[in-house]
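Fold and geometry: a report
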Amino acid sequence: MSESLQNARRRIEELRTQIAEYNYQYYVQDAPTVPDAQYDRDMQELIALEKAHPQLQSASSPSQKVGGQALSAFEQVTHEVPMLSLDNAFDETTLLAFEKRVSDRLKDTRVLHFSCEPKLDGLAVSILYENGQLVRAATRGDGQVGENITANVRTIANVPLSLRGTNWPERVEVRGEVFMPKKGFEKLNEQQKQAGAKVFANPRNAAAGSLRQLDSKITAKRPLMFYAYSLGLVSPSDFSLPSLHSQRLETLAQWGIPLCPDIDTAKGAKGCLDYYQLILTKRDNLPYDIDGVVFKVNDIELQQQLGFVARAPRWAIAQKFPAQEEVTRLLDVEFQV
Ligand code: NAD
């Protein structure tokens, strides 16, 4: 083995171990010890090294897996349709390359249409409705197996326990993000401080810690909200749904499911970049925390043609915002957020 290959292998192993530890702290302990920007840098370095040295790739690398793990304290739920992650873009070039990759794969030069959505910084949750009634809710976990958090999700004020109307599939899984609005987060931390209890590092950790409580009475007191962003399982599978993702979101709204009010659609990567700039400008004044925006090919048939890779769909990308640079000291942890 050449020296450069040996160095690459050493660095890859170092990064895999480090990222696995970050994942444990973030997903299992709900207590990250480094800022997301640091995590993203390490992950990008790992991905670049694995790309440059495909012989060192491994199916068990954190770059190939959905981060997270179901806590054994909860009943486990096996997802009938896996819950995946998203690929990331950190600049304009990566977004343009994404559009080109999609068009090349579809062998279609027409301008693509995208659904544009704020990337809410919370926790992915699947909510199953049977005959219009909420019967089960689960976390993403490792994408295959999540935690049964039905009792906790039932306490979230804007999650309907029954769907409106009568025209829904017998079984339908609504996917979206549980998050803590900024105002609620500030109030909760104030209360925690006064009670001498744990102060949360950011709204995402507060949401994760609140949702994964064994006692749903505690969850009920936390200011959590839910916004849907897609459908998972639909049964019967030939149930008639609109052909565009954006229209399917409107269908969810007709069933009484809450959606993020800042969702839009755009033409081509150029339209997506305009949306990115708009949301970036609005970011500080939004009532919820976001860490970027998500672009999804809007046509469901094209999504199906594009399919998935190991941990993410080929038809979507998350464009992350630049890290906010102020240094925060919380508990005994100091990092930039
Ligand atoms: P991700 O957060 O990059 O993207 C996938 C997730 O985005 C989904 O599971 C969903 O929860 C969320 N999402 C929000 N809005 C959405 C929308 N409109 N449509 C679809 N999904 C939407 O991927 P991930 O695997 O959940 O987490 C990786 C990220 O988490 C990293 O990039 C990093 O920022 C952070 N992280 C940080 C640490 C740390 O130690 N600081 C550790 C692990 C992960």
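Starting afresh in each chain, residues are numbered from 1 along the sequence in its written order. Owing to the predicted nature of the model, reporting of local features is limited to residues with pLDDT of at least 70; listing and counting of side-chain atom pairs is limited to 80 or more, with chain, interface and lining totals taken over all residues.

1. Points about the overall build of the protein
To keep things clear, this is the line we draw: Helix and strand assignments come from DSSP, with helices taken as H or I runs of at least 4 residues and strands as E runs of at least 2, each series counted from the N terminus. For a compact globule the rule gives 2.2 Å times the number of residues to the power 0.38, and the radius of gyration it is set against comes from C-alpha atoms. A pair of residues counts as a contact when their C-beta atoms, built from backbone coordinates, are within 7 Å of each other.
Counting secondary structure elements, the protein contains ten helices and 13 strands. Over its C-alpha trace the protein gives a radius of gyration of 20 Å, about what one expects of a compact globule, namely 20 Å for 337 residues. In terms of overall dimensions, the protein has a C-alpha envelope of 65 × 55 × 40 Å along the principal axes. Within the protein, contacts between residues separated by at least 24 positions form 75% of all contacts whose residues are at least 6 apart in sequence.

2. Details of helix 1 (residues 3–28)
How we decide: To estimate how far a helix should reach, multiply one less than its number of residues by 1.5 Å. Exposure in this text rests on C-beta crowding, where 20 or more other C-beta atoms within 10 Å of a residue's own make it buried, 12 or fewer make it exposed, and counts in between make it partly exposed. The C-beta atoms are placed from the backbone.
Here helix 1 is 26 residues long and its end C-alpha atoms lie 37 Å apart, about the 38 Å a rise of 1.5 Å per residue gives. Among all positions of helix 1, only Ile12, Leu15, Tyr22, Tyr26 and Tyr27 are buried. Buried residues along helix 1 sit in contact with helix 2 (36–52). Looking one or two residues beyond helix 1, the residue adopting positive phi is Asp30, at roughly 55 degrees.

3. Quick notes on the pairing of strand 7 (residues 171–179)
Quick reminder of the rule: For two strands to be treated as a pair, DSSP must find at least two bridges joining them.
Of all nine residues in strand 7, seven are buried, a share of seventy percent or more. Sheet analysis places strand 4 (residues 123–130) next to strand 7, joined by eight bridges and oriented antiparallel. Bridge pairing in strand 7 places Ile127 opposite Val174. Bridge count for strand 7 against strand 8 (residues 225–235) is eight bridges, and the pairing is antiparallel. Counted as the bridge partner of Phe179 is Met225 from strand 8.

4. Some thoughts on the site of the ligand
To keep it simple, the criterion reads: We call a residue near a molecule or strand when the C-beta position, derived from backbone atoms, sits within 6 Å of it. Gly counts as polar in this scheme, as do all residues outside two lists: the nonpolar Ala, Val, Leu, Ile, Met, Phe, Trp, Tyr, Cys and Pro, and the charged Asp, Glu, Lys and Arg. These domain boundaries are the output of an automatic or database domain assignment.
Within the structure, the ligand sits among 24 residues, and Tyr26, Asp36, Ser85, Glu117 and Ala124 are positioned closest to it. Broken down by secondary-structure element, the contributors of at least two residues to the shell around the ligand are helix 1, helix 2 and strand 3 (113–120). No other element matches the four residues that helix 1 contributes to the shell around the ligand. Split into classes, the residues belonging to the shell around the ligand amount to 13 nonpolar, five polar and six charged. Taken together, domain 1 (3–64) and domain 2 (76–330) each give at least three residues to the shell around the ligand, which thus spans both.

5. Comments concerning the domain arrangement of the protein
Partitioning the protein into structural domains gives domain 1 (3–64) and domain 2 (76–330). On the domain 2 side, the residues contacting the eight residues of domain 1 number eleven residues. Considered class by class, the residues forming the side of domain 1 that touches domain 2 number four nonpolar, one polar and three charged.

6. Looking at the sheet that holds strand 10 (residues 290–297)
To be explicit about the condition: Between N-to-C directions, angles cover 0 to 180 degrees, with each direction set by a line fitted to C-alpha atoms, over the stretch in contact for helices.
Spatial ordering of the open sheet is given by 2-11-10-3-9, a layout of five strands whose pairing is mixed. Lying at the two open borders of the sheet, with one neighbouring strand each, are strand 2 (88–89) and strand 9 (264–267). Here strand 3 pairs with strand 9 via four bridges, running antiparallel. Note that in strand 9 the partner of Cys116 across the bridge is Asp264. Against the sheet, helix 9 (residues 268–282) makes contact with strand 3, strand 9, strand 10 and strand 11 (316–320), and its axis sits at roughly 140 degrees relative to strand 9, the strand it touches most.

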